[in-house]
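Structural description and commentary
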Amino acid sequence: MIVDAAHGGKILSFKYGDAEAISQIQMPNAFGSTFWTSPQKEWNWPPVPEYDTMPFTATEDGGVLRLHGPVSERFKYSISKEFATDPSDNSILVTYTITNEGDTERSVAPWEITRVPNAGMVIFQAPFESITPAGLLPFKEQNGIAIYEADTAPQNRKVNANGKGWYTFINHGLMLMKRFQDLEEGQEAPGEAEIQVYVNVGKTFMELECQGPYTTLKPGESLHWTVKWNLVPQAGPGPGAFPGGAPGQRPQGAPGQRPQGAPGQRPQGAPGGFPGGFPGGFPGGAPQRQQ
C-alpha cells in the first residue's frame, strides 16, 4: 500500500505482487482512496481541501503510520488517519479520526471513498430492495448477495444500500475486501447509506464507498472508525470465490479475531479498538469517542 501524505493522505496504490487494485487514472478530485465527512450536502462539491488535497503531517512508530491533516477553516473538523498491519491475515487496518475543533456541537459521519477501475464485479450483502435508486445499476441477486458487473453509460450513476459491514471488488484475478462497522437502520447520515457505489461516465473508474454512523461530537471530541483492507488472489469465479464460504458467514478464527500484541493493537477500551469478533463487520453502535 502506498499512501501520499502530501496529497490529503490518499491511498494511491494497493498491490498484491505487481497486480494493482486501485484505479491509476489521474483526474482532478477523483483519484486514489480518500476520506470525507458525511453528509455530503453540508459541503456539496468540490471536496473540502483540508480533508482531500492539502498536506498531512506524517509520523511512524513501531510499524504504525499516523497522518494528521489541517483544521478545516469552514467546518472546524480535523482528519487523522492511522495505518497498521494485522499479521493474522495480512490485512491493513485503516483507522480514521474526525475531531471537532470548533466551539459548537456538531453531527458527522465518517466516509471512505476508494476509486477502482471500471471492470470486474462489486459484491456485497444487502436486501435487494434496499439498493436505491432501483434499476440504476444492473445488480443481480444470488442467495442474498448483490452482484454488479461493471458496465458503462453516458452519465454518472450512484446507488445506496443498507449493507452488512463488508463489500468486495473482484478484478483481474484479485479480490479486494473491506470490512467495517455494520450500521443499524437509522444510524446513517441524513440522505446517505452504509454502502455506496458510484460509476463515473464511460469507461473510466468506479468509487466503492462505505460510511460509519452519524455521531454527535461536542467541542474537542473525536470519533474513530476503522476499515479493514484485504487483498488476495481470487479463489475462483464469482461470489463463490470467497475463502471459507460467503462473506458474512465468518469461519472460526477469521479476520477480525486479532492476536494478542498484534502491531497497531490498541489497549482495552482505547478508541478504534476491536472488542472481540464480529459477524461480517465491526462491532455495532456508535464509534468510540474521546475528549
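Residues numbered from 1 in each chain as written. Predicted model: local features only at pLDDT ≥ 70, side-chain atom pairs only at ≥ 80, totals over all residues. Heavy atoms only, no water.

Below, the discussion takes up the packing of aromatic side chains. In this structure the tally under the stated criterion is 13 aromatic pairs. When the ring of Tyr 198 is compared with that of Phe 205, the centres are 6.2 Å apart and the planes differ by 45°; the resulting orientation is tilted. Of the two residues examined, Tyr 198 and Phe 205, each falls in the buried class. Each member of the aromatic cluster is reached from another via a ring pair, and the members are Trp 36, Trp 43, Trp 45 and Trp 111. Across the ring face of Phe 31, the terminal group of Lys 10 is positioned such that the distance to the ring centre comes to 4.8 Å. (Phe/Tyr/Trp six-rings, centres within 6.5 Å; stacked < 30°, edge-to-face > 60°. Buried < 20%, exposed > 50% of the residue type's maximum accessible area, 1.4 Å probe, protein only. Lys NZ or Arg CZ within 6 Å of the ring centre and 35° of its normal.)

Another aspect to go through is the side chain of Asp 4. Looking at where Asp 4 falls in the secondary structure, it is placed in strand 1 (residues 2-4). In terms of polar contacts, Asp 4 uses its side chain to reach the side chain of His 7, at 2.7 Å. (Helix = DSSP H or I, 4+ residues; strand = E, 2+ residues; numbered from the N terminus. Polar contact = N/O pair within 3.5 Å; in protein donor to acceptor, adjacent residues only side chain to side chain.)

Okay, the environment of Pro 133 next. Residue position: Pro 133 is located in the loop between strand 11 (121-125) and strand 12 (140-142). Since its relative accessible area comes to 44%, Pro 133 is described here as partly exposed. In this structure, the C-alpha to C-alpha distance between Pro 133 and Asn 160, residues 27 residues apart in sequence, is 7.4 Å. If sequence neighbours within four positions are ignored, Pro 133 has contacts with Lys 158 and Val 159. (Contact = heavy atoms within 4.5 Å.)

Estimates place the volume of the largest pocket at around 310 Å³. Together, 19 residues line the largest pocket, and Trp 36, Gln 40, Trp 45, Tyr 198 and Glu 207 are the ones closest to its centre. If you list the elements that add at least two residues to the lining of the largest pocket, you get strand 10 (106-117), strand 14 (157-161), strand 17 (195-199) and strand 18 (205-211). When residues of the lining of the largest pocket are assigned to their parent elements, the largest contribution, 3 residues, is made by strand 18. For the lining of the largest pocket, the residue count by class is 8 nonpolar, 6 polar and 5 charged. (1 Å grid on protein atoms, 1.4 Å probe; cavity = no way out; pocket = protein on both sides within 12 Å on 5 of 7 lines; lining within 4 Å. Points joined across faces, edges and corners; volume = space filled by probe spheres on them. Nonpolar A, V, L, I, M, F, W, Y, C, P; charged D, E, K, R; others polar.)

Here the focus is the pattern of salt bridges. According to the stated counting rule, one finds 9 salt bridges in the structure shown. For Asp 52, the salt bridge is made with Lys 10, and the minimal N-O distance between the two is 3.3 Å. With Asp 52 in helix 1 (residues 49-52) and Lys 10 in strand 2 (residues 10-13), the pair connects residues that are 42 residues apart, well separated along the chain. The two residues Asp 52 and Lys 10 agree in class, both being buried. We note a salt bridge from Glu 207 to Arg 115, for which the minimum N-O separation is 3.0 Å. (Salt bridge = Lys/Arg side-chain N within 4 Å of Asp/Glu carboxyl O.)

Next up on the list: the nonpolar core. Ile 98, Val 122, Phe 124, Phe 139, Val 197, Trp 225 and Trp 229 are the most contacted members of the largest nonpolar core, which has 51 residues in total. The biggest single contributor to this core is strand 20 (residues 222-233), with 5 residues. Membership of the second largest hydrophobic core comes to 8 residues, among which are Met 121, Ile 145, Ile 170 and Met 175. (Core = buried A, V, L, I, M, F, W, Y, C linked by side-chain atoms within 4.5 Å.)

So, on to the confidence of the model for the protein. Per-chain confidence: the protein averages 85 in pLDDT, with 81% of residues scoring 70 or above. Counted against residues more than four places away or in other chains, residues 248-287, with its pLDDT under 50, gives 88 contacts. (pLDDT = per-residue confidence, 0-100.)

With an omega dihedral of 10°, the bond running from Ser 38 to Pro 39 counts as a cis peptide bond. Residue placement: Pro 39 occurs in the loop between strand 5 (33-38) and helix 1. Positive phi, normally seen in glycine, also occurs at Asn 44, with a value near 60°. Examined against the element boundaries, Asn 44 turns out to sit in the loop between strand 5 and helix 1. Here Asn 44 falls in the exposed class, since its relative accessible area comes to 53%. The residue Asn 143 is not glycine, and still its phi comes out positive at about 55°. Note that Asn 143 resides in the loop between strand 12 and strand 13 (145-149). The exposure class of Asn 143 is exposed, given its relative accessible area of 76%.

The next subject is the pairing of strand 7 (residues 64-68). Note on strand geometry: in a regular strand, side chains alternate between the two faces of the sheet. Relative to strand 7, strand 6 (residues 57-61) runs antiparallel, the two being bridged by 5 bridges. For Asp 61, the partnering residue across the bridge sits in strand 7 and is Val 64. Counted between consecutive antiparallel strands, the loop separating strand 6 from strand 7 contains 2 residues, among which Gly 62 sits at a positive phi close to 60°. For strand 7 and strand 8 (residues 77-86), the ladder comprises 4 bridges, and the chain directions are antiparallel. The partner of Leu 67 across the bridge, within strand 8, is Lys 81. (Pairing = 2+ DSSP bridges.)

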